[in-house]
Amino acid sequence: MLRPIVLACTLLLTSCATTMPEITSAVRNDLAPTGKVRAGINYGNFILAQKDKATGESRGVAIDLANELGRRLGVPVEIVAYNSVAALGDAAPTGAWDIAFLGSDPVRERIMSFTPAYVELDATYLVPQASRLRTAAEADRAGVRITAQARANYELYLQRNLKKAQLVPAPNNDAALALLAEGKVDALAGLTEGLMQLGAKLPGSRIVEGRFMAVQQSIAVPKGRDAGLAYLRSVVEDAKSSGLVARAVAKTGARGVSTAPRAK
């Protein structure tokens, strides 16, 4: 039989592990001001969200997390669909969505606030078979031209961090692939899973070893919704520790994707 003090501590730890912050009126006003959670979803990132062509049903890590938030708040979820992360981000000041799923970045933090990451996506390079580049670390060299989808998280990162290589933004991944196929660039930057699919369209291409960054995918709210953001932080951490995120990732079958570490 447990001693009283040990039992008390055990009960306290169990309670702390399962307790979520109170859902106050301020939380509801921030996350569901219209009586539903309007979730901005970028269908251009199929790892986070994709739509079944036959049924029209949406699935993915972002969809599972949005539905979990709606369940906790006891309100329906309305998906506000976008085909690019640029359009999703630009909508932040317009009030079109209450939460959005996209990578956190200092540029985006000017108009929205982010939770800690729930998943990390490896970003690396696709190159022609004959390329001398073997690892991601070798790409930042003088004379190397790198293309990436404009305003994607990894493109914003490369804008800040490339020292010698030239960055050539493209409007989308198909346009970036065309630049690589035509020999106008030497490497195409992107998420590992996405590059595997693009590589299948370019015979003889290959993915270099390693990654140049881990894209931190988070949940955003428009600036000023501090109560909602604090509650979302707890939802994200709980979803990681409970295994919800890991199960959602496993269902996608995507490679180069992992549950983000617990926030410090």
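Preceding this paragraph is the structure being described.
Here is what the cut-offs are and how they apply
Residues numbered from 1 in each chain as written. Predicted model: local features only at pLDDT ≥ 70, side-chain atom pairs only at ≥ 80, totals over all residues. Heavy atoms only, no water. Salt bridge = Lys/Arg side-chain N within 4 Å of Asp/Glu carboxyl O. Helix = DSSP H or I, 4+ residues; strand = E, 2+ residues; numbered from the N terminus. Buried < 20%, exposed > 50% of the residue type's maximum accessible area, 1.4 Å probe, protein only. Contact = heavy atoms within 4.5 Å. 1 Å grid on protein atoms, 1.4 Å probe; cavity = no way out; pocket = protein on both sides within 12 Å on 5 of 7 lines; lining within 4 Å. Points joined across faces, edges and corners; volume = space filled by probe spheres on them. Nonpolar A, V, L, I, M, F, W, Y, C, P; charged D, E, K, R; others polar.

Q: Summarise the pattern of salt bridges; cite the residues concerned and give the values.
A: All chains considered together, the criterion is met by 17 salt bridges. D98 is the partner of R38 in a salt bridge, and the nearest nitrogen-oxygen pair spans 2.6 Å. Here R38, found in strand β1 (residues 37-42), pairs with D98, found in the loop between α4 (85-90) and β5 (99-103); they are 60 residues apart in sequence, far enough to count as distant. Each of the two residues, R38 as well as D98, counts as buried. Each of E68, R71, R72 and D238 takes part in salt bridges that share partners, so that together they form one network.

Q: An account of the environment of T135 is needed here, citing residue identities and associated values.
A: Locating T135 in the fold gives a position in the loop between β7 (119-127) and β8 (145-149). Look at T135 and you get partly exposed, because its relative accessible area is 23%. Residues T135 and G210, spaced 75 residues apart in sequence, show a C-alpha to C-alpha distance of 5.9 Å. Apart from the residues within four sequence positions on either side, T135 is in contact with V208 and E209.

Q: Could you give an account of unusual backbone geometry, naming the residues involved and the relevant values?
A: Positive phi, normally seen in glycine, also occurs at R151, with a value near 70 degrees. If you trace the backbone, R151 turns up in the loop between β8 and α5 (153-161).

Q: Tell me what's going on with the layout of surface pockets, and back it up with residues and numbers.
A: Estimated volume of the largest pocket: approximately 620 Å³. If you trace the largest pocket, you find 33 residues lining it, with G44, N45, Q149, Y154 and N173 closest to the centre. Of all the secondary structure elements, the ones that give two or more residues to the lining of the largest pocket are β5, α5, α6 (173-181), β10 (187-191), α7 (192-199) and β12 (213-222). Taken together, the residues of the lining of the largest pocket sort by class into 16 nonpolar, 14 polar and three charged.

Q: An account of α7 is needed here, citing residue identities and associated values.
A: The buried count for α7 comes to six of eight residues, which makes it a mostly enclosed element. Restricting attention to buried positions, one finds in α7 the residues T192, E193, G194, L195, L198 and G199. Buried residues along α7 sit against β7, α6, β10 and β11 (206-207).

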